[in-house]
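Letter by letter, the chains look like this.
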Amino acid sequence: MQYILALDQGTTSSRAILFDASGAIAAVAQREFEQIFPQPGWVEHDPDQIWATQSAVAIEVLGRAGAEAKDVAAIGITNQRETAIVWDRETGRPVCNAIVWQDRRTAEFCDRLKADGHAPMITERTGLVVDAYFSGSKVAWILDNVPGARTRAEQGHLAFGTVDSWLIWKLTGGKVHVTDVSNASRTMLFNIHELAWDDDLLRLLGVPRSMLPEVRSSSEVYGRVTAGLGLADLPIAGVAGDQQSALFGQMCVSPGLAKSTYGTGCFLLQNTGSVPVPSTNQLVTTVAWQINGRTEYALEGSVFIGGAVVQWLRDGLGIIQRSSDVEALATSVPDSGGVYLVPAFAGLGAPHWDPYARGMMIGITRGTTSAHIARAAVESIAYQVGDLLDAVQGDSGMPLAELRVDGGASRNDLLMQFQADLLGVPVVRPAVTETTALGAAYLAGLAVGFWPSAAAIAGQWQVERRFEPAMPQSQAASLRARWREAVGRARGWAGNDRA
């Protein structure tokens, strides 16, 4: 068997990638699916579309490589994490659309949890801040707002899962309802110290335990693909949430190593080893993975709108035709001309956690062009990651020697150089930037003996380009100070006191 098949179910597309034993990509298939916005601040996906696109690319990628299912040793899954799906155990049908991690409809519910004094307990047990970002409040909303859902759930007829659970359920024909520790740790229902669902949290959010998937490690055989899907009897053998998977794919397997993924959002994680490090800077303490009984943790900061700001330039403003056009447009001017764009389209994530912040552009003059706006958009991604890194280093106390990067926007050389300039440390882009899928492939391959050990895998990680800081530190500090001013003006715009 020559390959591992990684299923990478993201926020805007479903992808499948075949990796060979050297960790190289043999073939890729990708299909986008619909983004549903029923109301301002609401974001949904059709779970059946998620499944249809993901199962289709799984077959398509085999054809592209000239391979068959018998050539594949195992399947690894990585996924958008906090997106919540509830379905009927008997029919397998979702009770409503998936509520996406970007969705803000439960912000007031989370405010009530904080006002009632529950935040310290929730944070201590889960490592999370209380926010609409995480799955728990989304499940509670579904149970309280979909007719008959709570009754059906209490009778044991409904199942909840993040996208990994949904895909495994579908792949196994409804035989297996599991998740891994990394995804479970993003629900606001999971005790990261005991590595178990927490009864107090379930009671607090009103989520019946019967809905929940069994929590397993990140690298083991969970089940096999059911007949009739064109994937033979392949074992599903690795699962990790997308950002933890990218951390593993980047081989950040020692404490202090950090990576930033530039996707729809931006996610910066630093490995903190076998002990969870509590945050004093409003970061998330999360499970990184569990392999062979050993659990590792990470500190994480999340930016809600990263590469999505480029999609907005394309789809919302129409100033570029393709996302890849943004670099050429932004590079056509030497700087942003004093324009700052705060892309708080879905509120602000770490370290601000302001669900009421909204997008803002400031510094516009008669001389401002679409190129300045494009550059400000690109730079906004780097500014937000800089804010995250300050917070991560403040919590961990581990100095950063370099930042490893991946994700679609990491291919933008202008962004990567500006990131290195702002941070004052090298930014390192690996030869394989598909590290989210690669991490899932590694986890699956380790479980079935396709690779003998993590140490053997580590030797495959190679640098494609290293971006060294070139901007004077005083200039970088001045730019970042101005950015913080702009963020301050965007905060709280959609607060409760506004119509």
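Now for a quick tour of the structure. This is a predicted model, so every value here is computed, not measured.

Criteria and cut-off values
Residues numbered from 1 in each chain as written. Predicted model: local features only at pLDDT ≥ 70, side-chain atom pairs only at ≥ 80, totals over all residues. Heavy atoms only, no water. Helix = DSSP H or I, 4+ residues; strand = E, 2+ residues; numbered from the N terminus. Rg over C-alpha atoms; globule rule 2.2 N^0.38 Å. Buried < 20%, exposed > 50% of the residue type's maximum accessible area, 1.4 Å probe, protein only. Contact = heavy atoms within 4.5 Å. Areas by Shrake-Rupley, 256 points an atom, 1.4 Å probe, with all protein chains shown as cover. Lys, Arg positive; Asp, Glu negative; His and termini not counted. Charge placed at Lys NZ, Arg CZ, Asp CG, Glu CD. Pairing = 2+ DSSP bridges. Axes fitted to C-alpha atoms, helices over the stretch in contact; angles between N-to-C directions. Expected span 1.5 Å × (residues − 1). Polar contact = N/O pair within 3.5 Å; in protein donor to acceptor, adjacent residues only side chain to side chain. Salt bridge = Lys/Arg side-chain N within 4 Å of Asp/Glu carboxyl O.

1. So, the overall build of the chain
- Within the chain one finds 16 helices and 23 strands.
- On C-alpha atoms alone, the chain measures out to a radius of gyration of 21 Å, which is about the 23 Å that the 2.2 N^0.38 rule sets for 499 residues.
- The dimensions of the chain, computed from C-alpha atoms along their principal axes, are 60 × 50 × 45 Å.
- A total of 499 residues make up the chain; the buried ones form 61% of that total.
- The contacts of the chain with a sequence gap of at least 6 include a subset with a gap of at least 24, amounting to 72%.
- For the chain, the exposed surface amounts to about 17800 Å²; the carbon and sulfur share of it is 50%.
- Averaging the positions of the 40 positive and the 51 negative side-chain charges in the chain gives two centres separated by 2 Å.

2. Side note on unusual backbone geometry
- Of note, the bond from alanine 350 into proline 351 is cis; its omega dihedral lies within 30 degrees of zero at -5°.
- Residue placement: proline 351 occurs in the loop between β19 (340-342) and β20 (360-362).
- Unusually for a residue other than glycine, asparagine 292 sits at a positive phi of about 50°.
- Taking the relative accessible area as the measure of exposure, asparagine 292 reaches 75% and is therefore exposed.

3. Observations concerning the sheet that holds strand β18 (residues 294-303)
- Across the sheet, which stays open at both edges, the 7 strands sit in the order β17-β18-β16-β15-β21-β22-β23 with mixed pairing between neighbours. At either end of the open sheet lies a strand with only one pairing partner, and these are β17 (284-291) and β23 (463-467). Pairs of neighbouring strands in the sheet enclose a mean axial angle of 30°, with direction left out of account.
- As judged from the 2 bridges shared by strand β21 (residues 403-406) and strand β22 (residues 427-430), these two strands associate in the parallel manner. Looking at β22, one finds that leucine 403 is bridged to valine 427.
- Against the sheet, helix α12 (residues 370-396) touches β15 (258-262), β16 (266-273), β18 and β21, its axis set at about 20° to β16.

4. Topic: helix α1 (residues 47-65)
- When the terminal C-alpha atoms of α1 are compared, their 27 Å separation across 19 residues agrees well with the 27 Å that a helix rising 1.5 Å per residue should span.
- Of all the residues in α1, the buried ones are Pro47, Ile50, Trp51, Thr53, Gln54, Val57, Ala58, Val61 and Leu62.

5. A short note on the side chain of asparagine 79
- Secondary-structure assignment places asparagine 79 in strand β5 (residues 72-79).
- The exposure class assigned to asparagine 79 is buried, which follows from its relative accessible area of 0%.
- Polar contacts involving the side chain of asparagine 79 include one to the side chain of asparagine 183, which spans 2.9 Å.
- Excluding residues that lie within four positions of it along the chain, asparagine 79 makes contacts with Gln9, Val163, Asp164, Asn183, Ala240, Gly241 and Asp242.

6. Topic: the pattern of salt bridges
- Counted according to the given criterion, the structure contains 39 salt bridges.
- The salt bridge involving aspartate 71 is made with lysine 70; its shortest N-O contact spans 3.7 Å.
- For glutamate 464, the salt bridge goes to arginine 429, with nearest N and O atoms at 2.6 Å. Of this pair, glutamate 464 sits in strand β23 while arginine 429 is found in strand β22, placing the two residues 35 residues apart along the sequence.
- Ionic contacts of the salt-bridge type, sharing partners, join the residues Arg81, Glu82, Arg186, Asp242 and Glu300 into one network.

By themselves these figures say nothing about function.
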